[in-house]
Amino acid sequence: MTSTISSNRKKSNIKLWAAAVWLIVWQAASMWIGQEILLVSPVAVIRRLFELVQTAPFWQSLACSFLRILSGFLLGMISGVLLAAAAAASRRIDELLEPFVQTIKSVPVASFIILVLIWVSPENLSVIISLLMVFPVIYTNVKDGIRSMDRNLTEMADLFAVPITLRIRYIYASQILPFFRAGCSLALGLCWKSGIAAEVIGLPENMIGENLYNAKIYLNTPDLFAWTLVIVVVSVLFERIFLRLIDLGVRRVERMR
């Protein structure tokens, strides 16, 4: 199991030479167009980013957006795991939740943002939207993981009356964690995209979405690209750290078996 997770992580690594080629293409396209308002150069974006990180509003916006999107992700993750366990244990609960899950999967993010904005303040909009985007992914993956478990192990646990704490530690965790990790890998990217989109539409004060909107209104292309780069970097770093923690948990479980 551990080797499978490790190989999946290696496949997702971006090669430096490939990134360098695309940066060169970007720079060449910017020079060819010759209008930074249409396509700013990567050099100008990096320069503007260094200017932004030296200001207090930059860190305030980053912290506010990060905490709200993180809250939405954690709420979606916890509710997804708990309801997946309930659905796997009860067919009626599974049937009850299925229309709700399918609706969330089908409705466009923009529709959810506008609808939720009627009920909640713009400051909390990104929390709800991130939760809604994360929940069905975690729910589906964890439920599939539970249903694909080795029934011989669960029957043996029933036969010997193994306590629930030991079942979770030695049986459930080792077999469900790979499904949970795959769900988190997909959900992390979705929650950041949807959370920032919610901020751009809701326009809460002192958040990344407001800065993106202002950059668009004033045709400030360097700011637009700089904030987009910040979103990408923070999203990738958070995903790698979170998935690394899951991998460490998998290895620990494997050593205890």
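For the structure, check the block above.
This report concerns the structure included in the present document. (Residues numbered from 1 in each chain as written. Predicted model: local features only at pLDDT ≥ 70, side-chain atom pairs only at ≥ 80, totals over all residues. Heavy atoms only, no water.)

**Looking at a nonpolar patch on the surface**
Stage number 1. A contiguous nonpolar patch, built from W32, I33, I37, L38 and L219 and spanning about 610 Å² of accessible area, is present on the exposed surface.
Stage number 2. Its location among the elements puts L38 in the loop between α2 (16-33) and α3 (42-52). (Patch = residues over 30% accessible without salt bridge, like charges linked within 9 Å, V, L, I, M, F, W, Y side chains within 5 Å. Areas by Shrake-Rupley, 256 points an atom, 1.4 Å probe, with all protein chains shown as cover. Salt bridge = Lys/Arg side-chain N within 4 Å of Asp/Glu carboxyl O. Helix = DSSP H or I, 4+ residues; strand = E, 2+ residues; numbered from the N terminus.)

**Some remarks on the packing of aromatic side chains**
Stage number 1. Under the definition given, this model contains 10 aromatic pairs.
Stage number 2. Ring geometry for F58 against W59: centres 5.0 Å apart, planes inclined by 90°, an arrangement best described as edge-to-face.
Stage number 3. Judged by its relative accessible area of 4%, F58 is buried.
Stage number 4. Residue class for W59 comes out partly exposed when judged on its relative accessible area of 47%.
Stage number 5. In textbook terms, an aromatic cluster arises when at least three aromatic residues are bridged by ring pairs, as seen for F66, F73, W192, F238 and F242. (Phe/Tyr/Trp six-rings, centres within 6.5 Å; stacked < 30°, edge-to-face > 60°. Buried < 20%, exposed > 50% of the residue type's maximum accessible area, 1.4 Å probe, protein only.)

**Looking at the nonpolar core**
Stage number 1. Grouped together as the largest cluster of nonpolar side chains are 53 residues, with contacts concentrated most on F73, I129, F180, C184, W192 and F242.
Stage number 2. Counting residues per element, this core draws most heavily on helix α9 (residues 164-202), which supplies 12 residues.
Stage number 3. Setting aside its immediate chain neighbours within four residues, I129 contacts V109, F112, I113, V116, S194 and A198. (Core = buried A, V, L, I, M, F, W, Y, C linked by side-chain atoms within 4.5 Å. Contact = heavy atoms within 4.5 Å.)

**Some thoughts on unusual backbone geometry**
Stage number 1. Even without a glycine there, the phi angle at N206 is positive, about 60°.
Stage number 2. Look at L219: it is not a glycine, yet its phi comes out positive at around 55°.
Stage number 3. As for its position among the elements, L219 is in the loop between α10 (208-217) and α11 (221-256).
Stage number 4. Accessibility expressed as a relative area gives 57% for L219, which makes it exposed.

**Re the side chain of S194**
Stage number 1. Along the chain, S194 turns up in helix α9.
Stage number 2. From its side chain, S194 meets the backbone oxygen of L190 in a polar contact 2.7 Å long.
Stage number 3. Excluding residues that lie within four positions of it along the chain, S194 makes contacts with V109, I113, I129, S130 and M133. (Polar contact = N/O pair within 3.5 Å; in protein donor to acceptor, adjacent residues only side chain to side chain.)

**Looking at the pattern of salt bridges**
Stage number 1. The full count for this structure, using the stated rule, is eight salt bridges.
Stage number 2. Here R48 and D223 are joined by a salt bridge, their closest N and O atoms 2.3 Å apart. Remark: D223 occurs in helix α11 and R48 occurs in helix α3; sequence separation between them is 175 residues.
Stage number 3. By relative accessible area, R48 is classed as partly exposed at 24%.
Stage number 4. Judged by its relative accessible area of 10%, D223 falls in the buried class.
Stage number 5. Between E95 and R92 there is a salt bridge; the shortest N-O distance is 3.4 Å. With E95 and R92 both in helix α5 (residues 91-106) and three residues apart, this pair spans about one turn of that helix.
Stage number 6. Using a relative accessible area of 38% as the deciding quantity, one classes E95 as partly exposed.
Stage number 7. A cluster of three or more residues bridged by salt bridges with shared partners is formed by D94, E98, K143 and R147.

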